[in-house]
Amino acid sequence: MESDAITVRQPVYRPKLVRDFKKIKREVFAEKLLLSNKEDTLKMKVVDAYFKLLRAYAEELLQEKRINLLNEQKKAAIKSIEAGRGTITELAEINAASDKATADLIRVRQNIRLEVNELQFFIGEKITKVKTLNRDVNNFDFLKKNSISTWEENAVANNSELKSKKEKIMAAELALSSEKLNRYPTVDLNVQLARGSSESTFFVDSETRSNSVGLTLFLPLYQGGSINSKIRQSASQLEAEVEGLKFKEEDLRKRVQKIYFGMLESIELHSALNSAIESATIELEATKKSTVAGVRKQLDVLVSQQKALSVEREFVDAKLNIILYWLNLNMLASNLTQSTIKTANDFLLPN
């Protein structure tokens, strides 16, 4: 005996399938938005690594400048000793400062190699040269054109992670309505083609064929409370997603406020330090002249030098922080586009 059959079942009325399909589409779109947010996060990691490298290069220039100034000061101290005005103690202090500056320069150059390796790890390419900070570009007024409320609105409206949360809420709503539809009846269309053959001493090569078309109605009557349990579970999931969205939105607004005020503070600090550099430079030159005249000592020059270099270091940090804060605001608003990166690139020296 042999029998073969083909059965096809086509849903005719199953509203839950439609809701489940819409829910899956929402979930897929939510994951795409999360992927976009992860891409922005990766971009900011690259930016952070690049800015660490810029800080290291700026520090290298300051240490080299410090060594050159100490060498000049050392020559002046030797001449002062020969003229009978200087002391061995002053020369020893300058030598100690010079040795420390050399050690700091070695440390900074090692740090540069580490930062280059980290940046190469992120981009997957070998780096031979990077653009450094342009000290002559100091106009940050256009970065303040958007108010804090504008940044908050842009972040809440465009942030990919927040939009993903909203999509998950819509998916949770569809899941809840889908579970409620388990109480509804379903109708399926069934088509079957069957063939049977047999052979015996009484019937030789007998064969039968049958075709059938029909509808199947399924009506749930009692499932032990599983439907109500799944509905409550979906409702709880929806409530959790809504509360999660509220928390994310509040946290996002706080982050925008913190970064925005940090940017404004850095802009004001940058402006103040610009004047402080001029004052520290004038003070250093005046101290040098006073030392030559015999009014001041070489140690006073050393103190003025340290002060001037410290102000320059803070000036560079403030400038880099301004750009970094602005890029972070754009990242929170999911606006790390090529145009945004190009604007930040204008603060670097051209090739």
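This text follows the structure it describes.
Residues numbered from 1 in each chain as written. Predicted model: local features only at pLDDT ≥ 70, side-chain atom pairs only at ≥ 80, totals over all residues. Heavy atoms only, no water.

## What to know about the packing of aromatic side chains
Note the threshold: Two aromatic rings, drawn from Phe, Tyr or Trp (for Trp, its six-membered ring), form a pair once their centres lie within 6.5 Å of each other, and the interplanar angle then sorts them: stacked below 30 degrees, edge-to-face above 60, tilted otherwise. The numbering of helices and of strands both runs from the N terminus, where a helix is a DSSP run of H or I of at least 4 residues and a strand a run of E of at least 2. Exposure categories follow from relative accessible area, calculated using a 1.4 Å probe and restricted to protein chains: below 20% of the type maximum is buried, above 50% is exposed, and the middle band is partly exposed.
Considering all chains together, one arrives at four aromatic pairs under this definition. Between Phe142 and Phe347, the ring centres sit 6.2 Å apart and the planes meet at 10°, which makes this aromatic pair stacked. With Phe142 in the loop between helix H2 (88-123) and helix H3 (148-158) and Phe347 in the segment after helix H7 (338-345), this residue pair connects regions lying 205 residues apart in the sequence. Using a relative accessible area of 3% as the deciding quantity, one classes Phe347 as buried. Through a chain of ring-to-ring contacts, the aromatic side chains of Phe140, Phe142 and Phe347 assemble into a single cluster.

## Some remarks on the pairing of strand S2 (residues 186-198)
Our working definition: Here the rule is simple: two strands pair whenever DSSP picks up at least two bridges between them.
Bridge count between strand S1 (residues 2-13) and S2: 11 bridges; the pairing is antiparallel. Across the sheet, Gln10 pairs through a bridge with Leu189, a residue of S2. Taken together, the 13 bridges between S2 and strand S3 (residues 206-218) define a ladder with antiparallel strand orientation. What sits directly across from Gly196, in S3, is Thr208.

## Examining a nonpolar patch on the surface
Formally: Patch membership is restricted to residues that have no salt bridge and whose relative accessible area is over 30%. Joining uses 9 Å for like charges and 5 Å for the nonpolar side chains Val, Leu, Ile, Met, Phe, Trp and Tyr. Note on areas: Shrake-Rupley, 1.4 Å probe, and residue coverage restricted to the protein chains presented here. By salt bridge we mean one thing: a side-chain nitrogen of Lys or Arg within 4 Å of a carboxyl oxygen of Asp or Glu.
A surface patch of nonpolar side chains, about 430 Å² in accessible area, is lined by Val12, Tyr13, Tyr184 and Leu215. The topology assignment puts Tyr13 in strand S1. Judged by its relative accessible area of 39%, Tyr13 is partly exposed.

## Side note on the pattern of salt bridges
What the rule picks out here adds up to 20 salt bridges. Its salt-bridge partner being Arg9, residue Asp188 comes within 3.3 Å of it at the nearest N-O pair. Highlighted residues: Asp188 in strand S2 and Arg9 in strand S1, separated in sequence by 179 residues. Here Asp188 falls in the buried class, since its relative accessible area comes to 3%. Looking at Arg9, the relative accessible area reads 52%, which means it is exposed. Lys307 is paired through a salt bridge with Glu283; the nearest N and O atoms lie 3.1 Å apart. Of this pair, Lys307 sits in helix H6 (residues 298-332) while Glu283 is found in helix H5 (residues 226-292), placing the two residues 24 residues apart along the sequence. Residue Glu283 is classed as partly exposed on the basis of its relative accessible area of 31%.

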